[in-house]
Amino acid sequence: EGIEERFADCVLRLRERYLRNLKREQEEALALEAESGGSLAALARLQEQGNEINEELARIFTLRAKAHGEEINEKY
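Residues numbered from 1 in each chain as written. Predicted model: local features only at pLDDT ≥ 70, side-chain atom pairs only at ≥ 80, totals over all residues. Heavy atoms only, no water.

S.K.: Before we go on, may I ask you to explain the overall build of the protein in this structure?
M.R.: Counting secondary structure elements, the protein contains two helices and zero strands. What you see for the protein is a C-alpha radius of gyration of 16 Å, clearly larger than the 11 Å of a compact globule of 76 residues, by over 25%. Expressed as a percentage of its 76 residues, the buried residues of the protein come to 24%. Counting every atom, the protein has about 5900 Å² of accessible surface; 53% of that belongs to carbon and sulfur. Side chains of the protein carry 12 positive and 17 negative charges; the gap between the two charge centres is 1 Å. (Helix = DSSP H or I, 4+ residues; strand = E, 2+ residues; numbered from the N terminus. Rg over C-alpha atoms; globule rule 2.2 N^0.38 Å. Buried < 20%, exposed > 50% of the residue type's maximum accessible area, 1.4 Å probe, protein only. Areas by Shrake-Rupley, 256 points an atom, 1.4 Å probe, with all protein chains shown as cover. Lys, Arg positive; Asp, Glu negative; His and termini not counted. Charge placed at Lys NZ, Arg CZ, Asp CG, Glu CD.)

S.K.: Sorry if this is basic, but what is going on with the nonpolar core here?
M.R.: For soluble globular proteins, nonpolar side chains are generally found buried alongside one another. By size, the foremost hydrophobic cluster in this structure holds six residues: Leu-12, Leu-19, Ile-53, Leu-57, Ile-60 and Phe-61. Only α1 (3–35) and α2 (40–68) provide two or more residues apiece to this core. Not counting residues within four places of it along the chain, the set of residues in contact with Ile-60 comprises Leu-12, Arg-15, Glu-16 and Leu-19. (Core = buried A, V, L, I, M, F, W, Y, C linked by side-chain atoms within 4.5 Å. Contact = heavy atoms within 4.5 Å.)

S.K.: Please explain the pattern of salt bridges as it appears in this structure.
M.R.: As a working rule, side chains carrying opposite charge can pair if their charged atoms are close by. Summed over the entire model, instances satisfying the criterion amount to eight salt bridges. What emerges from the salt-bridge pattern is a single network uniting Asp-9, Arg-13, Glu-16, Arg-20 and Arg-64. (Salt bridge = Lys/Arg side-chain N within 4 Å of Asp/Glu carboxyl O.)

S.K.: What should I look at first to understand the side chain of Lys-23 in this one?
M.R.: Inspection of the secondary structure assignment puts Lys-23 in helix α1. Discounting residues that sit within four places of it in the chain, Lys-23 has contacts with Gly-50, Ile-53 and Asn-54.

S.K.: I would appreciate a short explanation of the environment of Lys-66 in the present structure.
M.R.: If you trace the backbone, Lys-66 turns up in helix α2. For Lys-66 and Glu-25, which are 41 residues apart along the polypeptide, the C-alpha to C-alpha distance reads 29 Å.

S.K.: Explain the packing of α1 against α2 here, please?
M.R.: A pair of packed helices is captured by two measures, namely the crossing angle of their axes and the spacing between those axes. Here α1 crosses α2 at 160°, and the two axes come no closer than 9 Å. Taken as axis vectors, α1 and α2 run roughly antiparallel relative to one another. Considering how the two elements wind past one another, α1 and α2 form a crossing that is left-handed. Looking at side-chain class alone, the contact of α1 with α2 contains 14 nonpolar, six polar and nine charged residues. (Axes fitted to C-alpha atoms, helices over the stretch in contact; angles between N-to-C directions. Parallel < 35°, antiparallel > 145°, perpendicular 65-115°, else oblique. Left-handed = near helix turned anticlockwise from the far one by under 90°. Nonpolar A, V, L, I, M, F, W, Y, C, P; charged D, E, K, R; others polar.)

As structure tokens, this is what we get:
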């Protein structure tokens, strides 16, 4: 009973963990690129990747909150 909901929640949590790790790596790459005087195009691309990750994390938080009937208060 409720196995589909638990499975869906596990998938969302795994996706969230993956995206958090990806975000950390993107931030490290952005810092290294900025330190090394990287091109504006490379910096913009890394920043856009960070924005996309943030948007996906926000979608995950929304889905999880809806599934649990909670307010969305979590920061990524």
